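Structural features, examined
Here's the letter readout for the chains.
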Amino acid sequence: MATNFIYKPAVHTNYKDIIMPYLKQWYLFLITLMVSLGIVWLYLDFSTPQYKISSTLLIPDDKKGDGGLLKATAFSDLNMFQETKTVDNEMEILRSRDLIYTALKNLNQETRYYELKGFKTTELYGDEIPFKVTVKKLNKLAYLRRLQLQSLSENTFLLQDGPLSWIYRYGQVIRHKDYVFKVDKGPAFAELSGTIEIEFKNLYRLAAAYSAGMLNVNPVLKESNTLILSLIDPVPSRGVDILTNIINTYNIENVQKKNVMAVNTILFIDKRLKAMEQDLSTAEGGIEAYKQQNGAVDANSGGTQINLTKSAEYSQLLETSDVQLGIVRSIESYLSQSDNQFSVVPSTMGLKDPVLNTLISRFNDLQLERNRMLNSANLSNPLVQNLSDQIAALRVNIKENLSNIKKGFIIEHNHLKANSAQYDSRVRSVPALERGLLQRSREQSVKTSLYQYLLQKREETALSLSATIPTSQLVDKPAFDPNPAYPKQPLMYLCGSILGLLLPTLFIYTKQQFNVKVKDAASLNSITGVRILGELSHNEVKSPIAIHKGSNSVISELFRYIRTNLGVTNSNSGNKVMLITSCMKGEGKTFFSINLGLTLALLNKKVLILEFDLRKPDLLQKLGIMQKKGITDFLQGDTEGLFDCIQPYKNADNLYVLGCGSIPQDPAELLMDQRMDLLFDWLKTKFDYLIVDTSPVGSVADAFSLAPYADLSIYLVRYNYTNTQQLDILRDIHDNKKLKNLTVVFNDAKKENRQAYAYGGYGYGATKGSK
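The text that follows walks through the structure, step by step, so that each part is easy to find. Predicted model only: the values in this text are computed from it and were never measured.

With that settled, consider the overall build of the protein. Within the protein, the regular secondary structure consists of 19 helices and 21 strands. Considering the protein as a whole, with its 771 residues, one finds that 44% of them fall into the buried category. Sequence-distant contacts, at least 24 apart, represent 79% of the contacts inside the protein between residues at least 6 apart. On the protein, roughly 39900 Å² of surface is accessible, and the fraction owed to carbon and sulfur atoms is 53%.

Right, let's get into the packing of aromatic side chains. One pass over the full model with this rule turns up 17 aromatic pairs. Pairing Phe157 with Tyr168 gives two aromatic rings, centres 6.2 Å apart and planes at 35°, and the pair type is tilted. With Phe157 in strand β6 (residues 156-161) and Tyr168 in strand β7 (residues 164-169), this residue pair connects regions lying 11 residues apart in the sequence. Pairing Phe680 with Tyr709 gives two aromatic rings, centres 4.7 Å apart and planes at 5°, and the pair type is stacked. Taken together, the residues span a long stretch of sequence, with Phe680 in helix α17 (residues 675-686) and Tyr709 in the loop between α18 (702-706) and β20 (712-718) at a distance of 29 residues.

A large share of strand β14 (residues 531-537) lies buried, amounting to 6 of its 7 residues. As paired elements, β14 and strand β21 (residues 742-749) share 5 bridges and run parallel to each other. When the sheet's bridge partners are listed, Gly534 is paired in β21 with Val745.

To continue, consider the layout of surface pockets. Volume-wise, the second largest pocket comes out at about 1100 Å³. Lining the second largest pocket are 36 residues, and of these Ile93, Leu368, Glu369, Arg372 and Met373 lie nearest its centre. Residue assignment for the lining of the second largest pocket shows that the elements contributing at least two residues are α3 (87-94), α4 (97-106), α6 (236-294), α8 (354-373) and α9 (382-426). The dominant element in the lining of the second largest pocket, judged by the number of residues it contributes, is α8, at 8 residues. Its residues assigned to classes, the lining of the second largest pocket comprises 10 nonpolar, 13 polar and 13 charged.

Residues Trp26, Tyr27, Leu30, Ile31, Met34, Val35 and Ile39 make up a contiguous nonpolar surface patch of roughly 760 Å² in combined accessible area. When you line up the elements, Ile39 lands in helix α2 (residues 26-46). Using a relative accessible area of 53% as the deciding quantity, one classes Ile39 as exposed.

The next subject is the nonpolar core. Membership of the largest hydrophobic core comes to 47 residues, with the highest contact counts inside it found for Leu610, Phe612, Phe680 and Leu683. If we skip the residues at most four places from it in the chain, Phe680 touches Val577, Leu610, Phe612, Leu690, Val692, Leu706 and Tyr709. Of all hydrophobic cores here, the second largest spans 36 residues; its members include Phe559, Leu596, Ile609 and Leu623.

Assignment of secondary structure puts Leu742 in strand β21. Along the chain, Leu742 and Leu712 lie 30 residues apart, while their C-alpha atoms are 6.5 Å from each other.

A separate point is the packing of helix α12 (residues 554-566) against helix α13 (residues 589-601). Where α12 meets α13, the axes come as close as 10 Å, and the angle between the chain directions of the two elements is 75°. Here α13 runs roughly perpendicular to α12, going by the angle between their axes. Here Phe559, Arg560, Ile562, Arg563 and Leu566 of α12 come into contact with α13, specifically with Phe591, Phe592, Asn595, Leu596, Thr599 and Leu600. Across the contact of α12 with α13, the residue classes tally to 7 nonpolar, 2 polar and 2 charged.

What counts and what doesn't
- Residues numbered from 1 in each chain as written.
- Predicted model: local features only at pLDDT ≥ 70, side-chain atom pairs only at ≥ 80, totals over all residues.
- Heavy atoms only, no water.
- Helix = DSSP H or I, 4+ residues; strand = E, 2+ residues; numbered from the N terminus.
- Buried < 20%, exposed > 50% of the residue type's maximum accessible area, 1.4 Å probe, protein only.
- Contact = heavy atoms within 4.5 Å.
- Areas by Shrake-Rupley, 256 points an atom, 1.4 Å probe, with all protein chains shown as cover.
- Phe/Tyr/Trp six-rings, centres within 6.5 Å; stacked < 30°, edge-to-face > 60°.
- Pairing = 2+ DSSP bridges.
- 1 Å grid on protein atoms, 1.4 Å probe; cavity = no way out; pocket = protein on both sides within 12 Å on 5 of 7 lines; lining within 4 Å.
- Points joined across faces, edges and corners; volume = space filled by probe spheres on them.
- Nonpolar A, V, L, I, M, F, W, Y, C, P; charged D, E, K, R; others polar.
- Patch = residues over 30% accessible without salt bridge, like charges linked within 9 Å, V, L, I, M, F, W, Y side chains within 5 Å.
- Salt bridge = Lys/Arg side-chain N within 4 Å of Asp/Glu carboxyl O.
- Core = buried A, V, L, I, M, F, W, Y, C linked by side-chain atoms within 4.5 Å.
- Axes fitted to C-alpha atoms, helices over the stretch in contact; angles between N-to-C directions.
- Parallel < 35°, antiparallel > 145°, perpendicular 65-115°, else oblique.

Set out below in structure tokens:
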């Protein structure tokens, strides 16, 4: 039963087959590429470019021991300007809403100006604005409106607010319920040629937007003191102005913060100087009165002079100790007053205790940080409360430290007092008048020295107040990149090109993935052992007759190729009865049956085509033969002469057709009738080949009833029509041997499948044939 030749394509990965579906639709790639690039061009033409403005700022880090320019000056011992400054803290300050709001307010950023040029709106700024709007008051609804300004003359202009319009004079205050402002002539008034639109910006929200991310503050390198400030703005000159003003505002506030401590120190020294002036005046008056009453005394004796000198030195030290105790008590009193609870502590002025200086410096830093935070937050803010708690804790620590210092001063004072008493006893022998004058002179000298010291410190503090400089250093002043940061033209065109090529690729790929139709012979690779009889090309001619005597068309040669594979040239061939079936209707069973019969008839063999599709017969209709009694009538016993039911095909010799006849009501049972044996036994004696055209096996089981009478079963699979899931039916038939000597014919192969039916070293390029 085996055929002489079985063709089955080799299984291998053909990359050309993978690429060919994309190359065949090159026009789709060209169209989408042109469209995507056109869309990119339109987008770039109508979009507003955004420019990046950046600046570099150096922030000295005091944690690294950098005392600044004040470290080597005469007033560095005051220790007033040494505060803990970290880069992270300064980054947060530069991003603070209050600082940004101040900078925006200084630049009058409440108003934006726009000019419509063609279909594109351009924002105006600086010397480009023809009108200058000065805002007096804005309500919430004002931020939702766009107003139009149009010049009417040198003195008047037209204001439009939606459907409403008014005429005003330049410089006149415009009062409405939602806004109050005035309009003056701008730098570009002479160049004005159309209508200008204005809109108002909420500076609080704008500052919050800059703080949230529009303003970027980042270190150049990790752990670096150099910061890069950058922002994106459609108007580069405005971005430069905003960044410049933010840096200037930051420096000004930094200087003001330093000056607060210096001013408080000057006020504290002034109070001490007033008290010292009174003490010094009293001492000098006492000397004058003593001399007037007792006359001048000169103490020049040797031993007495030494004792007096030592006594004077200890008295001076004792007086200095009293002054230091007084300073400690003054600071304690200052901290104890409720009015000074959140005020900066003045300088310690000569108290050399490093712990006290550190605590007071930290205390003052927290006070300044709390006051700055209160500018944008209330007392209930957790951050403010946290700072208040830290200040209270530091106040307690400072008081404890002052208490310890005071105890030390008391011990020292007692020691100095004992030594002073020792030398006082030695000079008791000095005449009372001389001793009294020396004591008064000594008191005057001590008070004079202290007064001069305080006066010097006041002058140094005043000098430092006038010489305060910003702690930050501008490395690179704000400037903008002339190339837009967004959109980037090369990147946009690259993305457009990628998208233009990707979309058709995805379309074709998705179409292929969702195409569940059989596309090539490789679809049968999962069915092990299935034999392929041949393939038929696509028939562009709609006629069911594709075989003609003397024809050398592609479809004719392919049928001859199938005929050769059947082994009909071999006189011992057993393929006398051929069963033609498929999975579903429309796969070309009838077409194949007709043209296979014509191909076999060309060999002068008597061929009979049996129309065993008893449910929807169409064989006779396609051949143009009128319906007579046929197979159904014979099986039902309506006719005894089977030969009378057979009709010749007039357009070809040796080809005959046995039609279905009348359509039965029970075709499945009719095919099981005992007369079926008589039908096939008689026909085998009269014809060389019997071609049985049956119903699809995917719909009904008629073909399985005819399987015992067939010598060869031909199963048709149509390219781009048969569902791949329906190949499971073919697998079941093959594995369970439901049809005898099963082979497969691929039908309707188009250009993309032409390599599949090339044989003998020759491939057919033109396709004229069957469907």
